[in-house]
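Given next are the chains, with one letter for each unit.
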Amino acid sequence: MATRDPRWVLKDRPSFALIIGLVLTGICALVSFSFDVFNGAPVQFFIALALALAPVPLLLAAVLALDRMEPEPRSNLIFAFAWGAGVAVLVAGVINSLNLHYIIDTAKLSEASARNIAATFGAPVVEETMKGLVLLGLLRFRRAELDGPTDGVIYASMVGLGFAMSENVSYYLGALSTSGVKGLAVTVVLRGILSPLAHPLFSSMIGVGVAYAAQRSGPERVTYVLAGWSGAMILHGLWNGLASYGGFPGLVVAYLVLLVVLVVLIGVIFRDRRRIVALIQRYLPPYEPTRLVTQADIHMLSAFSRRRQARQWARAYGGKRGVRAMRDYQLAATELGLLHERAARHMVDEHDFHEEQRALLECMSTARADFPMPLHTRSVARGSPPPGYAPGAPT
């Protein structure tokens, strides 16, 4: 009887629902952009689009650099970004416009005053709710992917970057249309250079709350989600309010608040990394009798620098096949530690635990078989062991 490829447990398997979701988000993004085209000349739109897209690769790289210990499935990350750039920004834009007109008609305020009120009290609720829905979807349908606050920050940052990119197109287009090149330059500096991580930081409050909720059961899960949601809306409203009413001093305070939040989140991520390393050191030693794990392997898996050194060794002596095997081994071993944690928290039943455990161990076995051991053995025999990590080498 044929068995499944053990790498199924690591594979990024796009489902039909995911494909439909990506199509939906793509359509929403096109509709949102079409509004921008109609509101300005096509040439101006493409200028605004190019400026909004320019920092995205760098920002994505910065976010994904945090996702190296246990990389998230690419399809989930793409969907989160697309949701922010498409569905979230379109629905939020429509609701925000309706709110603005409602305030103007009801309170009889000037458009400028109404915009400040809507930005401070209305937009944070609408926008963080729309961005947060994708995180709730992960909690409901992909709970196993939320292994800690780092995962929550990663997914929240992806949806926030997508939202900011699409929103910036509208802001840049509006600035170019009303204030010309000078106004556009000021807006690009403020939004694209000085505060490109504002939306990701707002949404990260929800991401952290959802991630903590994923690790728990019972009514307290709702408390964590609501706390994260409230934190995102308050932070977003504080940012908009200080920018709208505080003038330059308010803007300085707003940036300082974001800086503090960024530092705190970085601290949370580093603490989460230490937690994952502790899981590896706790749960992998019992597998040493299988000869799939040694003390050298656990030592290598416990630090990013040694993981990178191991991949460099695998590439140098095994080429692409060797480095792929090393990556698979590192990911499978890390997932094995996280699987044990989920089992300890009763997040996975016994049948699923044993099925995933078996697949991960098979994946580790397959990966080790592709390690460049013969080259390592010949190198040691010549008295010149390869630089960096080698399986079974002393640490």
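Residues numbered from 1 in each chain as written. Predicted model: local features only at pLDDT ≥ 70, side-chain atom pairs only at ≥ 80, totals over all residues. Heavy atoms only, no water.

Naming follows an unreviewed UniProt entry, where the chain appears as PrsW family intramembrane metalloprotease of Nonomuraea maheshkhaliensis.

Participant: Honestly, the overall build of the chain in this entry has me stumped. Any pointers?
Facilitator: The secondary structure content of the chain amounts to 13 helices and zero strands. Taken from N to C terminus, the helices and strands of the chain fall in the order α-α-α-α-α-α-α-α-α-α-α-α-α. Residues classed as buried in the chain amount to 48% of the 395 residues present. Across the chain, contacts joining residues at least 24 apart in sequence account for 76% of those joining residues at least 6 apart. Carbon and sulfur atoms provide 66% of the accessible area of the chain, an area that totals close to 19500 Å². (Helix = DSSP H or I, 4+ residues; strand = E, 2+ residues; numbered from the N terminus. Buried < 20%, exposed > 50% of the residue type's maximum accessible area, 1.4 Å probe, protein only. Contact = heavy atoms within 4.5 Å. Areas by Shrake-Rupley, 256 points an atom, 1.4 Å probe, with all protein chains shown as cover.)

Participant: Can you help me understand the UniProt feature "transmembrane region" (unreviewed entry) in the chain in this one?
Facilitator: The UniProt record annotates "transmembrane region" (unreviewed entry) at residues 16-35, 41-65, 77-98, 118-141, 153-173, 193-214, 221-239 and 251-270. End-to-end, the C-alpha atoms of residues 77-98 are 31 Å apart, and along that stretch the chain is 100% helix and 0% strand. Within residues 153-173, the helical portion is 100% and the strand portion 0%, while the C-alpha atoms at the span's ends are 30 Å from each other. (UniProt positions renumbered as here; feature names shortened; annotations may be inferred.)

Participant: What's the story with a nonpolar patch on the surface in this structure? I'm lost.
Facilitator: A grouping of V23, I27, V31, F35, F38, V94 and L98 is seen on the molecular surface, where their side chains present a nonpolar patch of about 670 Å² in accessible area. Among the secondary structure elements, those contributing two or more residues to the nonpolar patch are α1 (16-39) and α4 (74-107). No other element matches α1, which puts five residues into the nonpolar patch. You can call F35 partly exposed: its relative accessible area is 42%. (Patch = residues over 30% accessible without salt bridge, like charges linked within 9 Å, V, L, I, M, F, W, Y side chains within 5 Å. Salt bridge = Lys/Arg side-chain N within 4 Å of Asp/Glu carboxyl O.)

Participant: Explanation requested: unusual backbone geometry in the structure shown.
Facilitator: The phi torsion of most residues other than glycine is negative, and most of the peptide bonds are trans. Positive phi is not limited to glycine here, since R291 has a value of about 65 degrees. Relative to the helices and strands, R291 is located in the loop between α9 (247-283) and α10 (295-301). By relative accessible area, which is 69% here, R291 ends up exposed. Despite not being glycine, H346 shows a phi value in the positive range, around 60 degrees. Within the secondary structure, H346 is located in the loop between α11 (304-344) and α12 (350-369).

Participant: Just to check I follow, could you spell out the pattern of salt bridges for this structure?
Facilitator: Where charged atoms of side chains with opposite charge meet at close range, the side chains can pair. Enumeration according to the criterion identifies ten salt bridges in this entry. D370 is the salt-bridge partner of R321, the closest N and O atoms lying 2.8 Å from each other. On the criterion of sequence distance, the pair formed by R321 in helix α11 and D370 in the loop between α12 and α13 (373-381) is long-range, its members being 49 residues apart. Take D370: its relative accessible area is 24%, and that puts it in the partly exposed class. Among the charged side chains, a network of salt bridges with common partners joins D272, R275, E341 and R345.

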